[in-house]
Amino acid sequence: MQLDTRAQTLLKALVERYITDGQPVGSRALAKLSGLDLSPATIRNIMADLEEMGFVSSPHTSAGRVPTPRGYRIFVDTLLTVDVIDESALESKLQSRIHSYSPQKVIANAAQVLSSLSQFAGVVLTPRRESVFQQIEFLRLSEKRILLVIVAPNGDVQNRLMLTDVDYTPAQLVQAANFINLHYGGLSFNEVRHRLQDELRQLRDDMTPLMHAAVEVGSDAMTDQGDEVVISGERNLLSVSDLSSNMNSLRKLFELFEQKTSLMQLLDLSHRASGVQIFIGGESSLVPLDQMSIVTAPYEINGRVVGTLGVIGPTRMAYERVIPIVDITAKLLSNALSHS
């Protein structure tokens with residue numbers, strides 16, 4: 001929804017003041033903060049319009065107003081002025097803290113850097129394991145019970161039991177394994193899944209279920225250890241009254257860090273976007289608390305996006321400072337992992 005210049009100025013002033021002190025902002029304070037030559041009555045009318053449009057709300061105990069999730073959204077999307085920082089100085093400051101010979105240590109350091117600089121929680125979704133295989137074998141254990149043996153390019157071996165509707169002969173199993181290894185060896189199971197539909201016409205129809213089952217079981221086997229979340233600085237959020245003001249909020253906060261499911265879904269969503277993304281509580285069911293925001297950015301290895309990192313904090317955070325921290329840390333992590 002389009003706001004005129006006066007409404008934008010007043011909303012920007014209100015959000016910035018509320019982020020600073022956490023108190024509802026009244027018309028008199030807005031008159032001073034905005035620098036607009038407007039009468040108190042005019043400011044009250046504009047604020048009433050903003051409230052009607054859902055950008056601000058009035059707490060019961062005060063005549064002042066506070067931003068809503070919708071108000072925060074228009075603020076970060078169109079009104080926010082991101083801090084101009086000395087990127088080279090920050091990079092040199094962070095480089096030694098992120099650099100390490102171990103990729104796991106690099107990722108852990110990145111989460112710690114995000115936490116220490118923002119004073120909130122830093123989070124990194126680790127690189128997703130590619131379900132690439134070099135070759136597979138089928139071993140008949142008994143009637144309708146098959147052992148799937150998967151050999152990865154690095155020599156790692158995974159074994160998974162498959163239960164089938166058909167009792168395949170050893171010769172059929174060899175035929176199926178040879179077909180997969182010849183046509184798909186060196187690819188990921190996800191790539192194979194997309195190509196199976198047309199290419200399986202070369203095999204007999206009764207072999208098709210076996211091939212599809214092998215792809216699904218193999219994909220699960222190769223990705224069992226992927227998509228882990230590294231979190232640093234969770235304790236910082238316990239000192240943020242907006243997030244820990246009541247037991248229900250605390251419970252949801254601890255569930256976020258213990259179960260990690262919704263956090264992984266959100267980070268995976270931002271994995272598919274480009275640049276810095278901001279998720280504001282009250283907008284999405286993926287953010288468990290209305291008072292919580294998550295600022296994220298994807299990171300790469302050799303030009304390919306492999307994960308996401310970010311800062312978890314209150315909606316009342318200094319976005320103009322957190323955004324460049326997340327952006328630059330993502331670039332540094334990409335560089336460190338690409339050269340590790």
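Before any of the text, the structure's been laid out above.
Please read all numbers here as calculations on a predicted model, not as lab measurements. Here the residue numbers are simple positions, counted from 1 along each chain's written sequence. Residue-level local features of this predicted model are given only where pLDDT is at least 70; pairs of side-chain atoms are given and counted only at 80 or more, and the full residue set underlies all totals for whole chains, interfaces and linings. Processing note: side-chain calculations cover all non-hydrogen atoms of the structure and skip hydrogens and water entirely.

Draft legend 1. Quick peek at helix α2 (residues 27-34). Every buried residue belonging to α2 is among Ser27, Leu30 and Ser34, and all of these are buried. One side of α2 carries all its buried residues, which in axial view fall inside an arc of 55 degrees. Set apart from the buried face of α2 by more than 90 degrees, the exposed residues are Arg28 and Lys32. Structurally, α2 contributes buried residues whose contacts are with α1 (5-21) and α3 (40-52). Positive phi shows up at Gly35, right after α2, with a value of about 75 degrees. A 1.4 Å probe rolled over the protein chains alone gives each residue an accessible area, and that area as a share of the maximum for its type sets the label: buried under 20%, exposed over 50%, partly exposed in between. For the purposes of this entry, the term helix denotes a DSSP run of H or I that reaches at least four residues, the term strand denotes a run of E that reaches at least two, and both are numbered from the N terminus. Our arc is simply the arc of the directions from the helix axis toward the C-beta atoms. Contacts between residues were defined by any pair of non-hydrogen atoms, one from each residue, lying within 4.5 Å.

Draft legend 2. Representation of unusual backbone geometry within the structure. One non-glycine residue, Gln119, lies in the positive phi region at around 65 degrees. Within the secondary structure layout, Gln119 lies in the loop between α6 (103-118) and β3 (121-125). Positive phi, close to 65 degrees, is recorded for Lys144, a residue that is not glycine. Summarising the element assignment, Lys144 is placed in the loop between β4 (135-142) and β5 (145-151).

Draft legend 3. The sheet that holds strand β7 (residues 229-232), seen in detail. Read across the open sheet, the 5 strands follow the order β7-β3-β10-β9-β8; overall the sheet is antiparallel. At either margin of the open sheet sits one strand with a lone partner, and together these are β7 and β8 (277-280). This sheet shows a mean twist of 20 degrees between the axes of neighbouring strands, independent of strand direction. With 10 bridges joining them, strand β9 (residues 292-301) and strand β10 (residues 304-314) adopt antiparallel strand pairing. Bridging across to β10, Ile294 finds its partner in Ile312. Here an angle of 0 to 180 degrees is reported between the N-to-C directions of two axes, which are lines fitted to C-alpha atoms, with helices fitted over the stretch in contact. Seen against the sheet, α6 touches β3, β7, β9 and β10 and runs at an angle of roughly 150 degrees to β3. Should DSSP find at least two bridges between two strands, the strands are taken to pair.

Draft legend 4. Highlighting the pattern of salt bridges. Between Lys or Arg on one side and Asp or Glu on the other, a salt bridge is scored when a side-chain nitrogen of the former is within 4 Å of a carboxyl oxygen of the latter. A complete count under the given rule lists 9 salt bridges for this structure. For Glu51, the salt bridge goes to Arg65, with nearest N and O atoms at 2.9 Å. Within this pair, whereas Glu51 is found in helix α3, its partner Arg65 is found in the loop between β1 (56-57) and β2 (66-67), the two being separated by 14 residues in sequence. We note a salt bridge from Arg251 to Glu255, for which the minimum N-O separation is 3.2 Å. Of the two residues, Arg251 and Glu255 both sit in helix α12 (residues 247-259), 4 residues apart, roughly one turn of that helix.

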